[in-house]
There are 4 protein chains.
Amino acid sequence: MSDAPKKVVLAYSGGLDTSIILKWLQTEYGCEVITFTADLGQGEELEPARAKAELLGIKPENIHIEDVREEFVRDYVFPMFRANAVYEGQYLLGTSIARPLIAKRLVELAQQHGADAVAHGATGKGNDQVRFELSAYALDPSIKVIAPWRIWDLTSRTKLIEFAEANQIPIAKDKRGEAPFSVDANLLHTSSEGKALENPAEQAPDYVYQRTVNPEDAPDQPEYIEVTFEKGDAVAINGQAMSPATLLAALNDYGGRHGIGRLDFVENRFVGMKSRGIYETPGGTILLEAHRGIEQITLDSGSGHLKDSLMPRYAELIYNGFWFSPEREMLQALIDKSQEYVSGTVRLKLYKGLVTCVGRWSDMSLYSEAHVTFEEDAGAYDQKDAAGFIKLNALRLKLIGNRNARVK
Amino acid sequence: MSDAPKKVVLAYSGGLDTSIILKWLQTEYGCEVITFTADLGQGEELEPARAKAELLGIKPENIHIEDVREEFVRDYVFPMFRANAVYEGQYLLGTSIARPLIAKRLVELAQQHGADAVAHGATGKGNDQVRFELSAYALDPSIKVIAPWRIWDLTSRTKLIEFAEANQIPIAKDKRGEAPFSVDANLLHTSSEGKALENPAEQAPDYVYQRTVNPEDAPDQPEYIEVTFEKGDAVAINGQAMSPATLLAALNDYGGRHGIGRLDFVENRFVGMKSRGIYETPGGTILLEAHRGIEQITLDSGSGHLKDSLMPRYAELIYNGFWFSPEREMLQALIDKSQEYVSGTVRLKLYKGLVTCVGRWSDMSLYSEAHVTFEEDAGAYDQKDAAGFIKLNALRLKLIGNRNARVK
Amino acid sequence: MSDAPKKVVLAYSGGLDTSIILKWLQTEYGCEVITFTADLGQGEELEPARAKAELLGIKPENIHIEDVREEFVRDYVFPMFRANAVYEGQYLLGTSIARPLIAKRLVELAQQHGADAVAHGATGKGNDQVRFELSAYALDPSIKVIAPWRIWDLTSRTKLIEFAEANQIPIAKDKRGEAPFSVDANLLHTSSEGKALENPAEQAPDYVYQRTVNPEDAPDQPEYIEVTFEKGDAVAINGQAMSPATLLAALNDYGGRHGIGRLDFVENRFVGMKSRGIYETPGGTILLEAHRGIEQITLDSGSGHLKDSLMPRYAELIYNGFWFSPEREMLQALIDKSQEYVSGTVRLKLYKGLVTCVGRWSDMSLYSEAHVTFEEDAGAYDQKDAAGFIKLNALRLKLIGNRNARVK
Amino acid sequence: MSDAPKKVVLAYSGGLDTSIILKWLQTEYGCEVITFTADLGQGEELEPARAKAELLGIKPENIHIEDVREEFVRDYVFPMFRANAVYEGQYLLGTSIARPLIAKRLVELAQQHGADAVAHGATGKGNDQVRFELSAYALDPSIKVIAPWRIWDLTSRTKLIEFAEANQIPIAKDKRGEAPFSVDANLLHTSSEGKALENPAEQAPDYVYQRTVNPEDAPDQPEYIEVTFEKGDAVAINGQAMSPATLLAALNDYGGRHGIGRLDFVENRFVGMKSRGIYETPGGTILLEAHRGIEQITLDSGSGHLKDSLMPRYAELIYNGFWFSPEREMLQALIDKSQEYVSGTVRLKLYKGLVTCVGRWSDMSLYSEAHVTFEEDAGAYDQKDAAGFIKLNALRLKLIGNRNARVK
């Protein structure tokens, strides 16, 4: 197999599935494996991954465990939130936005180690394979990408367990049976899908939710917080400046406690099928409402409407895995240009699953009480101008009306 | 004043302001006035308007009071909801969508009575003047539109009251002083703006809300309802078929009781300024979530993404008053075409201000458990196809990557 | 090979390549073959295809030769021209628009004959495979599509010729060697690509052009024609009513004689690579200029700008093979809606490769000399209205200007 | 008249109309007038404007005559051409793009002189008033703009001439009668409209064209030129580097000689009416074809299609006068981002009104002969990948097809 990879950087979680992949790569290709385990804020201990990798024969210098939370929020999550990006009207893209960063680090490590391939544990049915691979190919067109789930014949849980046992891969007790659903998590969100959730007619059971309380169990009293923005990015909560990841983590605490950010959703995957997911994005949901609130007073209609009209395309690009594409970067340039004055503070009410902007203020505000007031406006606005404005906007419609009357 | 109108159809609410306009039209132009009072579901008795109009000298045959609720919901609200239209990300367009219907009836009555003008009570600062007038001009290019607020010199509350008193116009006690804010209502929503609400930094006081309970005061138990759609329009609640207006009224009851549909918002008016409004759209907010839910399983990504990308423009057209424009009709043709299979039922959870779709099913569903399942899919989907799919999607990115590496 | 097709409908030109495919299908799968040969106006005798098919053992009742020119122009070309569709700014989509019709007939014949598969002669590098297959799958999700070029090992000219000789397939003398480039033709256009044209830096040699004279060799005198439209479709030339295909053929004569419609182009294929093509679209180029000309006076800015902004997406859908997709049909509904009043006549000047609209008139015209005139306009337009129009359009910009000055 | 301007900067051409405006400003408002005369490449001597201004009593230090050609092409024309901007499919925006620069200089001179107003000679029916005024208000929200044509009562040629005579304004002999049409010119184009051209059915007479020969009178031999681009802007012709204005002037020479760039057009004005114009844009038409040619090989489909889809909106913004708006700047950021690699050379054929790109090459090229070749491609592209690519693109369409078959 001359085409077989010689050295592979694997996105390694330390869990059973990627441990099997690790071993499979070694046995299938006889190749050297480098592991990359990222702390994206998924809330799990990562150091155990080191021991497992060593157990599976990975050399210490080939084991990489990194905390990338700040980079994740600063360079991926925040730029995306500048666009108020939601996929198909409701999904906050929590999984989609994490994949490019992982792929980037895989490729960088491959270059550093002289590896000719990267590998990931995403299946052949989902979006993540696309996101990993488009990102990897864009960053290094010569890289090979190994997606074992599309290749191997370990097509059932039984076969996987047999392979693990045959290869001395430790199996946690609760991993022996099938999980009732599949989970992905990072600092932005937790997603759950598959199996128990595959019937979109049935309400998702309570035990699926891991990161947010049921709104019914949230505090009976609303809580108010203030979020401050600079140039489109959140920089402080209740006046306290925070780094991007710290701030998002704090918003997650608020949101989780108040049951905010649950979404039960059926979406269109890039590969052509529909799937149903349960998403929990507590901090992100607050952040979106907050960002919209500050834009309300700092962004004019020309900028806002242009952004709004391009948001679906931008969100689709991220969802489909095109973060590292020139068109995403072009849209980002447009969006970032709009955020120059998006600075100020919003006040938010958090209550039983609901986040509501109830106040916003900014030195950059375009809101002019002088103009809008019902009171005397001291000449700020001449109501008679509206007559001409309407007349000329109507001229076209009148000409059409005359024409249509004439020819009918 | 040879240009003065001879016969005017006035949009007449029966309230103080439009009564003053009625009298002003009579005295300023010596013209005959026809009144039109529409029941759009604003929740007020309309018959008193008849007596007031008569008191002000309007001939009985010139007084028109009409219940247009079914037409309003069927021909305006529902077509708009097929698009999931929201203005600037959040506003459900409750006022905007009512104006074209009123303008249409004004023009029709003008033609019926041989009137040369219509008149409305919208001010020169707002959007409603534009919506009334663009609609009127589009439907009858030769009509005159009288907007007294842009013309007269009754520029303060004092002057208005003086004019009323001088003209024997009855003044309700609570209308003598200034209202703390201005209200518009119809079956879709209630909006409040102005005065007490003019500082967007300050939370709106509780007494502003008229149609929804405070979520804190909503029931402590969630309620579940099922909404059924046919070709994009809601036709039944909990299996009970209802006419459009009846159905929306029922959703308003559910929503109002559960504190659903409140929005505190700063928006960009078409005339160029920002304004702050408090909107209550209880039934509409439920309807939007329900419609999105049924589209999740019945609409494919091609249709859905195209609709999503055009929605902001469609919403802007309605907001700006271009309902009777060819471009709105073109977009409507596109949207309606997409709704052919948007039929089925969604299950919604209503709880303390939050409405969540928790289940959806349809004979028209495009969701294929056979394809998406984590289990064996019996050949429905060949994971190996994904390799080619990704390769060709990546080809462009690889060529770019090679080029960029080459020239840097 | 249980998956092997039993009965296949082949898109059969009668040429060497599709004859080889015919034989290959028979030998590879032992299946029955039905041939479909369409007259799309490519300008070749089709009856010889019957004799060749019979020679290769196809039963007479399995040989279908059809003249689909009217359907092609009426149901594919004309709807597309209503949109003024051009791909990547310049290409008139002559090949793209023919594929869906062929695929549709293949699928219909398969259903009629109880065939389980269709086959085509497009290669694995191009767009046509995508267009054929997406169309076929959309129209019959259970159909198999056989694309021999992606499957077989006849990967060189030598191997193809050997296969033909071994199977008694007649080889025209001029087909023995490699053609210097590849050609596709139909009533709308002729395209040439490959081999001699593969270097985009080099000017295409004169002998590539087959359907248009070199502009240098076109008549030294311009010729004028008038084209009449009804609801967006051309219906007459110089006052003479013609069927769609007859009219397009006549425009091709005019255009070909005057050297109109040549395009030397590098485009982006859907499969991710760039390719260079030489296109000749004589009649289509005239038709586009004519249609734009009649829209100039019959379409308002709202309709026109909306169409313009969606045209690139519409053209991309056709180019990529999504003719039979819901989103193309949604866009078509929008476009068709706009054409209700696009009726009238344009006058065109044809001269040495150039077609120019020099006059246009219509009962449906929205052009109002009364409004635009530099002379006294008798009150049609009040210039003072422009002041208010500009003031309110400027209000937002002023507020921005004030803000920016304030914070800098 | 407390609102009267005290000091006004006038856009002054030195011609009769703006001389009348100059005098009218002095007499109407008793204000000091500063004149600004710009060389935008309109091809007229500007120094005579100085003498005329002095004759009308303008102080020498208040007379500004500036050559802004390089700024015009570098900062306005070239950025616009990066977008391939055409309005309504055909108009190259030659007048539209010059107005913002003039307005900017007027405002800067007003600030420099402490003037409180600017004035222009555009009428109340056209687009130019909007472009001047939106630009001025955006750059200085406190500025007054005086548009005499919307204010005064000099509403006929006779009255204008009388005013001129009464005020000792010299009248050139040929200006005494009415011009048969109105002309605007700058380095990018010459436009003619009005009067003799007001019937869009009638071909424009030959004498209207001032800058291009009739294609019939152009050389009988084609001419070839090469244009080189760097980052989207033309920098050399036939290998000779040139400044922006010099290069555009040279292209104008080529185009004018070959009859290139004539357009007979009916367009939609922003103020709501249609108008007919004759445009001559010789160099710009060449530049557009050249820029498209170099983008063909240097821009990928993602970038190109995104640009294409936004171009109509960008062009509309420029046409409507919103050059100095945040949304134009946002789009510019997106467009400029796309031009990073748009460098290389195109070869163009110029012949009797036609400009055709016949070759293009670049170190930045994305064209890969290795991929596209009909020959053996040495593994650059695996045709089997196309099968998976098509399968997954078709999956959605198949699911739709199945659904539709099921429910019909």
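Quick caveat: nothing in here was measured; it's all calculated off a predicted structure.

Student: Just to check I follow, could you spell out the overall build of chain A for this structure?
Tutor: If you tally the helices and strands in chain A, you get 14 helices and 14 strands. Here the C-alpha coordinates of chain A stretch approximately 85 × 60 × 45 Å along the principal axes. Classification of the 408 residues of chain A by burial places 67% in the buried group. Contacts spanning at least 24 positions in sequence make up 73% of the contacts within chain A whose residues lie at least 6 apart. For chain A, the computed accessible surface area is about 14,000 Å², with 48% contributed by carbon and sulfur atoms. Counting 45 positive and 58 negative side-chain charges, chain A places the centres of these two groups 5 Å from one another.

Student: Looking at this structure, I do not really get the sheet that holds strand β3 (residues 63-67) of chain B. What am I missing?
Tutor: Two strands in a sheet stick together by hydrogen bonds in their backbones, pointing the same way (parallel) or opposite ways (antiparallel). All names here are of chain B. Pairing is parallel in the open sheet, where five strands are placed in the order β3-β2-β1-β4-β5. At either margin of the open sheet sits one strand with a lone partner, and together these are β3 and β5 (144-146). Each strand axis lies, on average, 25° off the axis of its neighbour in the sheet, ignoring direction. Bridge analysis of strand β1 (residues 7-11) against strand β4 (residues 117-119) gives three bridges, and the strand direction is parallel. Looking at β4, one finds that Val9 is bridged to Val118. Against the sheet, helix α4 (residues 99-113) touches β1, β2 (32-39), β3 and β4, its axis set at about 155° to β1.

Student: Help me understand the interface of chain A and chain C, please; the structure alone is not making it clear to me.
Tutor: Buried accessible area, meaning the area lost when the parts come together, often serves as the stated size of an interface. Chain A puts 28 residues into the contact, and the matching count from chain C is 28 residues. Regarding the contact of chain A and chain C, the summed buried area is about 2,500 Å², with carbon and sulfur atoms giving 64% of it. If you sort the residues of chain A by the area they bury against chain C, A:Tyr341, A:Leu392 and A:Arg403 come out on top, with a joint share of 24%. At the surface where chain A touches chain C, the tally comes to two salt bridges. Among the ionic pairs, A:Asp300 bridges to C:Arg396, the shortest N-O distance being 2.6 Å.

Student: Even after reading the chapter, I still don't get the confidence of the model for chain A, so can you show me in this structure?
Tutor: As a note on interpretation, predicted positions should not be read in detail where pLDDT is low. Summing up the model confidence of chain A, the mean pLDDT is 95 and the portion of residues at 70 or higher is 100%. Two summary scores accompany this predicted model of the complex, namely pTM at 0.97 and ipTM at 0.96.

Student: Help me understand the relation of the copies chain A and chain C, please; the structure alone is not making it clear to me.
Tutor: Mapping between the two copies of the chain is achieved by a rotation about an axis and a shift along the axis. Expressed as a screw transformation, the operator carrying chain A onto chain C has a rotation angle of 180° and an axial translation of 0.0 Å, and the superposed copies differ by an RMSD of 0.0 Å. Look at the turn and shift together and you get a two-fold axis relating the two. For chain A, the residue whose C-alpha comes nearest the rotation axis is A:Phe389, separated from it by 1.8 Å. Comparing interface residues between copies, 100% of those in chain A also lie at the interface in chain C; the contact surface is shared.

Student: Even after reading the chapter, I still don't get the relation of the copies chain C and chain D, so can you show me in this structure?
Tutor: Overlay of chain C on chain D (RMSD 0.0 Å): rotation 180°, translation along the axis 0.0 Å. An overlap of 100% is found between the interface residues of chain C and their copies at the interface of chain D, pointing to a shared contact surface.

Student: How should I be thinking about the interface of chain C and chain D in this particular structure?
Tutor: Between chain C and chain D, the contact holds 100 residues from the first and 100 residues from the second. For the pairing of chain C and chain D, the buried interface totals around 8,700 Å² over both sides, and the portion due to carbon and sulfur atoms is 57%. One can count six salt bridges joining chain C with chain D. A salt bridge links C:Glu327 to D:Arg396; the nearest nitrogen and oxygen atoms lie 2.8 Å apart. Between the two partners, chain C and chain D, sit 42 residue pairs in polar contact (both at pLDDT 80 or more). Sorting elements by how many residues they give to the side of chain C that touches chain D places helix α14 (residues 385-407) of chain C first, with 13 residues. Within the side of chain C that touches chain D, the residues separate by chemical class into 42 nonpolar, 26 polar and 32 charged.

Student: Help me out: how do you make sense of the UniProt feature "binding site: ATP" (unreviewed entry) in chain A in this one?
Tutor: All names here are of chain A. Within this structure's numbering, the places UniProt gives as "binding site: ATP" (unreviewed entry) are Ala11, Tyr12, Ser13, Gly14, Gly15, Leu16, Asp17, Thr18, Ser19, Ala38 and Gly121. Summarising the element assignment, Asp17 is placed in helix α1 (residues 16-29). Looking at Asp17, the relative accessible area reads 30%, which means it is partly exposed. Residues within four places of Asp17 in sequence aside, it is in contact with Trp149 and Arg157. Locating Ser19 in the fold gives a position in helix α1. Given a relative accessible area of 2%, Ser19 falls into the buried group. In contact with Ser19, not counting residues within four places along its chain, are Tyr12, Gly14, Lys52, Leu56 and Ile169. In this structure the side chain of Ser19 is engaged in a polar contact, spanning 2.7 Å, whose partner is the backbone oxygen of Gly15.

Student: Quick question: what am I supposed to make of the side chain of C:Thr190 here?
Tutor: Checked against the element boundaries, C:Thr190 lands in strand β7 (residues 190-193). Those residues within four positions of C:Thr190 in sequence are excluded, and the remaining contacts are C:Val183, C:Asp184, C:Ala185, C:Gln210, C:Arg211, C:Ile278, C:Tyr279 and C:Glu280.

Student: I tried to follow the domain arrangement of chain A on my own but got confused; where do I start?
Tutor: Structurally, chain A comprises domain 1 (7-68 + 96-177), domain 2 (183-299 + 341-361) and domain 3 (380-407). Distance from the C-alpha centre of domain 2 of chain A to the C-alpha centre of domain 3 of chain A: 44 Å.

Student: I tried to follow the pattern of salt bridges on my own but got confused; where do I start?
Tutor: Pairs can form between side chains of opposite charge whenever their charged atoms are close. Per the stated rule, a full pass over the model turns up 108 salt bridges over all chains. For the salt bridge of A:Asp17 with A:Arg157, the shortest nitrogen-to-oxygen distance reads 3.7 Å. Note that A:Asp17 is positioned in helix α1 and A:Arg157 in helix α7 (residues 157-166), a separation of 140 residues in sequence. The closest approach of N and O atoms between D:Glu108 and D:Arg105, which form a salt bridge, is 2.4 Å. Of this pair, D:Glu108 and D:Arg105 both sit in helix α4 (residues 99-113), separated by three residues, roughly a single helical turn. A residue is classified by how much of its surface remains accessible, and D:Glu108, at 28% relative accessible area, is partly exposed.

Student: Teacher, can you tell me more about helix α4 (residues 99-113) of chain A here?
Tutor: Spacing of three or four residues puts side chains on the same side of an α-helix, whose turn is 3.6 residues. Residue and element names in this part refer to chain A. Given a rise of 1.5 Å per residue, 15 residues ought to cover 21 Å, and the 21 Å separating the end C-alpha atoms of α4 matches this to within 8%. Counting buried residues in α4 gives 12 out of 15 residues, a clear majority hidden from the surface. For α4, the complete set of buried residues consists of Arg99, Pro100, Leu101, Ile102, Ala103, Lys104, Arg105, Leu106, Val107, Leu109, Ala110 and His113. Looking one or two residues past α4, Gly114 carries a phi angle of roughly 65°, positive in sign.

Student: What's the story with the environment of D:Asp3 in this structure? I'm lost.
Tutor: For D:Asp3, the position within the fold is in the segment before β1 (7-11). As a C-alpha pair, D:Asp3 and D:Lys144 span 141 residues in sequence and 9.7 Å in three-dimensional space.

Student: How should I be thinking about the UniProt feature "domain: Arginosuccinate synthase C-terminal" (unreviewed entry) in chain A in this particular structure?
Tutor: The feature "domain: Arginosuccinate synthase C-terminal" (unreviewed entry), as given by UniProt, occupies residues 181-399 of chain A in the numbering adopted here. Along residues 181-399 of chain A, the helical share is 38% and the strand share 24%, with 61 Å between the first and last C-alpha atoms.

Student: Would you take a moment to explain the packing of aromatic side chains for this structure?
Tutor: Aromatic ring pairs are described here by two measures, namely the spacing of the ring centres and the angle between the planes. Summed over all chains, the structure comprises 42 aromatic pairs over all chains. Residues D:Tyr91 and D:Tyr279 carry aromatic rings whose centres are separated by 4.1 Å and whose planes lie at 20° to one another, so their mutual orientation is stacked. Note that D:Tyr91 is positioned in the loop between α3 (69-82) and α4 and D:Tyr279 in strand β12 (residues 274-280), a separation of 188 residues in sequence. D:Tyr279 matches D:Tyr91 in its accessibility class, with the two residues each being buried. Put simply, the rings of A:Phe270, A:Phe322, B:Phe389, C:Phe270, C:Phe322 and D:Phe389 touch in pairs and so form one group of aromatic residues. Over the aromatic face of B:Tyr209 sits the side chain of B:Arg262, whose NZ or CZ is 3.7 Å from the ring centroid.

Student: What am I meant to see in the packing of helix α9 (residues 244-257) of chain B against helix α10 (residues 282-298) of chain B here?
Tutor: Axis angle and axis distance: for two packed helices, these are the angle between their axes and the distance between the axes, and together they describe the pair. Residue and element names in this part refer to chain B. Their axes nearest at 6 Å, the elements α9 and α10 cross at an angle of 100°. When the axes of α9 and α10 are compared, the pair comes out roughly perpendicular. Residues Leu248, Leu251, Asn252, Tyr254, Gly255 and Gly256 of α9 lie in contact with α10, whose contacting residues are Pro282, Gly283, Gly284, Ile286 and Leu287. A per-class count over the contact of α9 with α10 returns six nonpolar, five polar and no charged.

Student: Before we go on, may I ask you to explain the nonpolar core in this structure?
Tutor: One recurring pattern in soluble globular proteins: nonpolar side chains tend to sit buried together. The biggest cluster of nonpolar side chains holds 410 residues, and the ones touching the most others in it are A:Phe72, B:Phe72, C:Phe72 and D:Phe72. Discounting chain neighbours no more than four positions away, the residues touching D:Phe72 are D:Leu40, D:Val77, D:Ile97, D:Ala98, D:Leu101, D:Asn186, D:Leu187 and D:Leu188.

Student: Got a minute to help me understand the pairing of strand β11 (residues 262-268) of chain C in this structure?
Tutor: Along any regular strand, the residues point their side chains to alternate faces of the sheet. All names here are of chain C. Burial analysis of β11 places six of its seven residues in the buried class, the great majority of the element. Relative to strand β12 (residues 274-280), β11 is paired through seven bridges, and the arrangement is antiparallel. Residue pairing for β12: Glu267 is matched across the bridge by Ser275. The antiparallel pairing of β11 with β12 creates a hairpin that spans five residues between the two strands, and Gly272 there sits at a positive phi of about 110°.

The rules behind these values
- Residues numbered from 1 in each chain as written.
- Chains lettered and ligands numbered in written order.
- Predicted model: local features only at pLDDT ≥ 70, side-chain atom pairs only at ≥ 80, totals over all residues.
- Heavy atoms only, no water.
- Helix = DSSP H or I, 4+ residues; strand = E, 2+ residues; numbered from the N terminus.
- Buried < 20%, exposed > 50% of the residue type's maximum accessible area, 1.4 Å probe, protein only.
- Contact = heavy atoms within 4.5 Å.
- Areas by Shrake-Rupley, 256 points an atom, 1.4 Å probe, with all protein chains shown as cover.
- Lys, Arg positive; Asp, Glu negative; His and termini not counted.
- Charge placed at Lys NZ, Arg CZ, Asp CG, Glu CD.
- Pairing = 2+ DSSP bridges.
- Axes fitted to C-alpha atoms, helices over the stretch in contact; angles between N-to-C directions.
- Buried area = accessible area lost by both parts, 1.4 Å probe.
- Salt bridge = Lys/Arg side-chain N within 4 Å of Asp/Glu carboxyl O.
- pLDDT = per-residue confidence, 0-100.
- Least-squares fit on C-alpha atoms with pLDDT ≥ 70 in both.
- Polar contact = N/O pair within 3.5 Å; in protein donor to acceptor, adjacent residues only side chain to side chain.
- Nonpolar A, V, L, I, M, F, W, Y, C, P; charged D, E, K, R; others polar.
- UniProt positions renumbered as here; feature names shortened; annotations may be inferred.
- Domains from an automatic or database assignment.
- Expected span 1.5 Å × (residues − 1).
- Phe/Tyr/Trp six-rings, centres within 6.5 Å; stacked < 30°, edge-to-face > 60°.
- Lys NZ or Arg CZ within 6 Å of the ring centre and 35° of its normal.
- Parallel < 35°, antiparallel > 145°, perpendicular 65-115°, else oblique.
- Core = buried A, V, L, I, M, F, W, Y, C linked by side-chain atoms within 4.5 Å.

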